[in-house]
Amino acid sequence: MFKILEKEVFSPVIKKMVVEAPRVARRCQAGQFVILRVQENGERIPLTIADFDREKGTITIVFQEVGKTTKLLGTLNAGDYILDFVGPLGTPSHIENFGTVVCVGGGVGIAPVFPIARALKEAGNYVISIIGARTKELLFWEDRMREVSDELLVTTDDGSYVRKGFVTDVLKELIEQRGKENINLVLAIGPQPMMRACCKVTGEYGIKTIVSLNSLMVDGTGMCGCCRVTVGGQTRFVCVDGPEFDGHQVDWDILARRSATFRQEEQRALELYTGQCKCGGGN
Ligand SMILES: Cc1cc2nc3c(=O)[nH]c(=O)nc-3n(C[C@H](O)[C@H](O)[C@H](O)COP(=O)(O)OP(=O)(O)OC[C@H]3O[C@@H](n4cnc5c(N)ncnc54)[C@H](O)[C@@H]3O)c2cc1C
Ligand code: FES
């Protein structure tokens, strides 16, 4: 059992939790994730390690409530326990001094970008971060991203904060202003359409782009292939070969199709769950 030490509500659908998990905290590195199970009859879901404190033995997760399990997780509070919390999983981010790196975080993707931007900065890179969300309410960690970036650009789809537009608009403008030869790497994390769109922009300029794929997962340890994706024409398992891949090599159509496999079941589970809540009980 893994104790929730802190909970912070960023918006009605985005929540942060600090979880006591000393073994994960001791070994984890930027870019890795955990798979957790909230309770005995629960499913296993992957969430990125958004921060860690090796001395305190804690892991920070930030999640968006999109379905049954994330909603259930969101009902827990400091002092409650998560049943299983397995990690660190996945291959850590490849960190070296590339030169100038642009880190793009879309929506809840800001959380996984944070530890990678911090590691890139510590490795001597000039870090320009772009963070964006649909609306002001869904933005978080502007302060933390500023701390680990040399420059920070903020945008909202609806223009409710700073500027109106998608992160891809800001990315394109930045590349045109600075010149493609002055940007050595782009790292983009967020919803699949956003990462795909970032790759389309950078592809036009030939700038290498790393994405962190959020495919469906079960075990997270390479045993089942549920998370498989096609990268550069080859089948790769996101949980062990990734989650980071060269975005220009990813077959985004196959990924989108596979991600939608259980849409009906997900919808049904959510309806049953919220229905149970209305009558005042259940899990
Ligand atoms: C390696 C990895 C790291 C991840 N890290 C994070 C993280 O740090 N924070 C976080 O909030 N999520 C993260 N995710 C996604 C997270 O695992 C899913 O949101 C979660 O499994 C949804 O479970 P659910 O039962 O609540 O919703 P489900 O019922 O499984 O899904 C509900 C609906 O939401 C959609 N959906 C599922 N995942 C996403 C997504 N990532 N973005 C947009 N829509 C989605 C589904 O297509 C479906 O229609 C990560 C995924 C992977 C593979
Ligand atoms: S989730 Fe089973 S192999 Fe990746």
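The numbers attached to residues start from 1 for each chain and follow its sequence in the written order. Written order decides the labels, with chains lettered from A and ligands numbered from 1. In keeping with the model being predicted, local features are shown solely for residues with a pLDDT of at least 70 and side-chain atom pairs are shown and tallied solely at 80 or more, while totals for entire chains, interfaces and linings include all residues. To get the side-chain values, all heavy atoms of the structure are used, and hydrogens and water are removed first.

## Focus on the pairing of strand 6 (residues 58-64)
Argument step 1. When you tally the buried positions in strand 6, you get six out of seven residues, the bulk of the element.
Argument step 2. As paired strands, strand 2 (residues 14-20) and strand 6 are joined by seven bridges and run antiparallel to one another. Pairing of Val-19 across the sheet is with Ile-59, part of strand 6.
Argument step 3. What makes two strands pair is DSSP finding at least two bridges between them. Helix numbers and strand numbers start at the N terminus; a helix is a DSSP run of H or I with at least 4 residues, a strand a run of E with at least 2. With three bridges joining them, strand 5 (residues 51-53) and strand 6 adopt antiparallel strand pairing. Note that in strand 6 the partner of Asp-53 across the bridge is Thr-58. Each residue's exposure class comes from its accessible area (1.4 Å probe, protein chains only) as a fraction of the maximum for that residue type: buried when under 20%, exposed when over 50%, partly exposed otherwise.

## With respect to the site of ligand 1
Argument step 1. Consider each residue's heavy atoms; a residue with any of them within 4 Å of a molecule or strand counts as near. Surveying the vicinity of ligand 1 reveals 21 residues, the closest of which are Glu-43, Pro-46, Thr-48, Gln-64 and Thr-70.
Argument step 2. Polar contacts, as counted here, are pairs of nitrogen or oxygen atoms within 3.5 Å of one another; within protein the pair requires one atom able to donate a hydrogen and one able to accept it, and residues that are adjacent in sequence qualify only if both atoms are side-chain atoms. Between ligand 1 and Thr-48 there is a distance of 2.9 Å, counted from a nitrogen atom to a side-chain nitrogen or oxygen.
Argument step 3. Between an oxygen atom of ligand 1 and a main-chain N or O atom of Thr-69, the distance comes to 3.1 Å.
Argument step 4. Out of a free accessible area of 900 Å², ligand 1 has 79% covered by protein chains.
Argument step 5. Counting only elements with at least two residues in the shell around ligand 1, the list comes to strand 4 (44-48), strand 6, helix 2 (68-75) and helix 9 (263-278).
Argument step 6. Looking at the shell around ligand 1, the element that brings in the most residues is strand 4, giving four residues.
Argument step 7. A class-by-class count of the residues in the shell around ligand 1 yields 10 nonpolar, seven polar and four charged. What sets the accessible areas is the Shrake-Rupley method with a 1.4 Å probe; for residues, cover comes only from the shown protein chains. Throughout, the ten residues Ala, Val, Leu, Ile, Met, Phe, Trp, Tyr, Cys and Pro are labelled nonpolar, Asp, Glu, Lys and Arg are labelled charged, and all others, Gly among them, are labelled polar.

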